[in-house]
Amino acid sequence: MVASFAHYRVWVGMSKRILIFILGAVFLSSFLSAAEKRPNILFIFCDDHATQAISAYGGPLAKLAPTPNIDRIAREGILFRKCYVTNSICGPSRAVVLTGKYSHLNGFTTNTDTFDGTQQTAPKLLQQAGYSTAIVGKWHLKSEPTGFDHFEVLKGQGEYYNPRLRTSGGIAVSEGYVTDIITDHSIDWLESRDPEKPFLLMSQHKAPHGRWEPAIRHLEFLDDVEVPEPVTLFDDYSGRSKAAAQHEMGIADHMGDFRLMFQYSSKHTPEQKAALDAYFVSRNKAFLEANLEGKDKTRWHYQRYIKNYLRCVKAVDESVGRLLDYLDDNGLSDNTIVIYSSDQGFYLGEHGWFDKRWMYEESFRTPLLVRWPGHIEAGSVNRDDIVSNLDFASTFLDLAGAPLPEDLQGASLVPVLRGATPQDWRKTHYYHYYESGGHGVPLHFGVTDGRYKLIRFPESHLDSWELFDIESDPLELESRYDDPALLEVQSGLHSELKRLQSLYEVSE
Ligand code: CA
């Protein structure tokens, strides 16, 4: 009996140790598998892609120029209606995305600046956290990209045809259409990456930035239709301060031969040039012979502009489809978060404009669509939360399980994506445009709470404020500044503006 009891105790002791070992192994393996399952991040970032030209956002262009592949991201994920930028212009927006800091702190306030690549960026921190990082396509920050295992970026603004691409090995021309090339090279990198590591791939298009040269296969798209004009195409800028009227971004007067495709910006091959000529030359001739004046001329400009813009978008949409298919075909869709956005919105004829820069809705708002299977409820639409390109860096880091440095000024979108927006999520958003004079747009800054918007034009020739109620005046045609009915709102926004300038360490 004694012997057998001792034997029993030994057996129990051994069983306990085995159990502890098994539990430990299970814990360790689930920990490792959680670590291994850190999601890949595919960030598809366009240039000047307005929400008005994405059919998932609806609007008058949706049926005419659908974007089924971009829409798929929203259908299988979430679409944000209030994603605002901090400074609506190309280079500065990209610097905000990389750093998670406002322009005055990341040092890139206007397109004339050079990005300081020695500073902290999200890609660098992801690299340190064990991610493979790559950027392919538009960079536009002048200095050599840092924080990427692989970079292949367009020289300067980039060309639509036969673009020059810069790598650590130098600059080489790739023959073909830029949107296709960026996608080809993005997929090449996905093929060659280290499969043991999660990845961040920033696949960044030039399109649909001007000057709008469509792919040859899309030249006939929309050829036989008249694209509806925005109701503000002939805006007279009354009802606001003097600022808007001083623009130099008018479809009537400021497009020039290159934007209208009377001249080409790219260096084409003889075959490419012949194909473009075959479409444009006869149509250009007919326009010149018609000698259109006034509104008729503006209307022709608008059709030429919007059709080429939407043709450029069509190639982007096809590219998004190719990347989503690649994820599907390679078993990556479930563990890859796909983020689609643009460096800012754009005017597609609203207020008579092309271009961006203003704090008015069309360029202040940027698209944001995100798919993350198992984490985002398919088909979600977030109408109310104010999110921003300021949040992208924090989001990347949070997804990677990396610590968020305290100096980041945005917040992680991860809880918002999951439908659990924190109680203390921002209720207002600060904007600051610095590139005074570009396309006639003056320096301005302001704040919005998602409904009301206060804008300040501080330069002495303007020295004015504007206040809009986006709910009752979505086209922003009537400033209500000093309207007695809105004095309380106005005063609240003035206080909020001061608070945010102090919070973000802004000096006017
Ligand atoms: Ca841009």
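Anything mentioned here points back to the structure above.
A.B. asks: With reference to specific residues and values, describe helix α3 (residues 90-99).
C.D. replies: Within α3, ten of the ten residues are buried, which leaves the element mostly enclosed by the surrounding structure. Taken residue by residue, α3 has C90, G91, P92, S93, R94, A95, V96, V97, L98 and T99 as its buried positions. As for α3, its buried residues are in contact with β1 (40-46), α4 (103-106), α5 (122-128), β8 (199-204) and α11 (392-399). Downstream of α3 by a residue or two, G100 has a phi angle that is positive, lying close to 70°.

A.B. asks: Now, about empty space enclosed by the protein: what can you tell me, with residues and values included?
C.D. replies: Regions of empty space are outlined by a rolling probe, equal in size to a water molecule, passed over the atoms. Using the criterion set out here, one finds three cavities of 30 Å³ or more in the structure. Here the largest cavity defines a volume of roughly 50 Å³. If you go around the largest cavity, the residues you meet are I339, L368, V370, F392, T395, F396, L413 and L417. Of all elements in the fold, only β10 (368-371) and α11 reach the threshold of two or more residues within the lining of the largest cavity. Counting residues per element, the lining of the largest cavity draws most heavily on α11, at three residues. Of the residues contributing to the lining of the largest cavity, the split by class is seven nonpolar, one polar and no charged.

A.B. asks: Just give me the short version of the coordination of the calcium ion, but keep the residues and values in it.
C.D. replies: Every protein donor of the calcium ion is accounted for by D47 (OD), D48 (OD), C90 (SG), D343 (OD), D343 (OD) and Q344 (OE1), and the metal-donor separations fall at 2.2 to 2.7 Å. Around the calcium ion sit six donor atoms; with metal-centred angles ranging over 53 to 161°, the donor geometry is irregular. Binding-site remark: the calcium ion is held by donors from one chain whose sequence spacing is D-D-x41-C-x252-D-Q. The burial state of D343 is the same as that of Q344; both residues are buried.

A.B. asks: Give me the environment of N335: which residues, what numbers.
C.D. replies: Its location among the elements puts N335 in the loop between α9 (294-329) and β9 (336-342). N335 sits in the partly exposed class, given a relative accessible area of 26%. A C-alpha to C-alpha distance of 7.0 Å links N335 and K37, two positions 298 residues apart in sequence. A polar contact is formed between the side chain of N335 and the backbone oxygen of R38, at a distance of 3.4 Å.

A.B. asks: Can you lay out unusual backbone geometry for me, pointing to particular residues and giving the numbers?
C.D. replies: Here the bond from A207 into P208 is cis, since omega is -5°, no more than 30 degrees from zero. Inspection of the secondary structure assignment puts P208 in the loop between β8 and α7 (256-259). G210 connects to R211 through a cis peptide bond whose omega is 5°. Within the secondary structure layout, R211 lies in the loop between β8 and α7. Positive phi is not limited to glycine here, since Y237 has a value of about 65°. Along the chain, Y237 falls in the loop between β8 and α7. Y237 sits in the buried class, given a relative accessible area of 13%. Residue M261 is not a glycine yet carries a positive backbone phi of 65°. Position of M261 among the secondary structure elements: in the loop between α7 and α8 (270-290). Judged by relative accessible area, M261 falls into the buried class, the value being 1%.

A.B. asks: Account for the sheet that holds strand β16 (residues 464-469), with residues named and values stated.
C.D. replies: Each strand in a sheet pairs with its neighbour through backbone hydrogen bonds, running either in the same direction (parallel) or in the opposite one (antiparallel). Read from one edge of the open sheet, four strands run β13-β14-β15-β16, paired in antiparallel fashion. Of all strands in the sheet, those with a lone pairing partner are β13 (429-433) and β16, marking the two edges. The sheet shows a mean angle of 15° between the axes of neighbouring strands, direction not considered. Here β13 pairs with strand β14 (residues 444-448) via five bridges, running antiparallel. In the sheet register, H429 faces β14, and the bridge partner there is T448.

A.B. asks: Tell me about the pattern of salt bridges, and please be specific about residues and values.
C.D. replies: Summed over all chains, the structure comprises 29 salt bridges. The salt bridge partner of D325 is R72, with a shortest N-O separation of 3.9 Å. Residue D325 is found in helix α9, and its partner R72 is found in helix α2 (residues 68-75); the two are separated by 253 residues along the sequence. The partly exposed category is assigned to D325, whose relative accessible area is 39%.

A.B. asks: Residue-level account of the environment of V227, with values.
C.D. replies: Note that V227 resides in the loop between β8 and α7. In this structure, the C-alpha to C-alpha distance between V227 and I470, residues 243 residues apart in sequence, is 25 Å. Setting aside chain neighbours within four positions, we find V227 in contact with L61, L64, Y302, Q303, I306 and K307.

A.B. asks: So what about the layout of surface pockets? Which residues, and what values?
C.D. replies: In this structure, the largest pocket occupies an estimated 740 Å³ of space. Forming the boundary of the largest pocket are 26 residues, of which T51, Q52, G59, E362 and R365 lie nearest the centre. Of the residues that constitute the lining of the largest pocket, the class distribution is twelve nonpolar, six polar and eight charged.

Scoring rules and cut-offs
Residues numbered from 1 in each chain as written. Predicted model: local features only at pLDDT ≥ 70, side-chain atom pairs only at ≥ 80, totals over all residues. Heavy atoms only, no water. Buried < 20%, exposed > 50% of the residue type's maximum accessible area, 1.4 Å probe, protein only. Helix = DSSP H or I, 4+ residues; strand = E, 2+ residues; numbered from the N terminus. Contact = heavy atoms within 4.5 Å. 1 Å grid on protein atoms, 1.4 Å probe; cavity = no way out; pocket = protein on both sides within 12 Å on 5 of 7 lines; lining within 4 Å. Points joined across faces, edges and corners; volume = space filled by probe spheres on them. Nonpolar A, V, L, I, M, F, W, Y, C, P; charged D, E, K, R; others polar. Donors = N, O, S within 2.8 Å, 3.2 Å for Na, K, Ca; no water. Tetrahedral: all angles 85-135°; square planar, octahedral: opposite > 155°, others 65-115°. Polar contact = N/O pair within 3.5 Å; in protein donor to acceptor, adjacent residues only side chain to side chain. Pairing = 2+ DSSP bridges. Axes fitted to C-alpha atoms, helices over the stretch in contact; angles between N-to-C directions. Salt bridge = Lys/Arg side-chain N within 4 Å of Asp/Glu carboxyl O.

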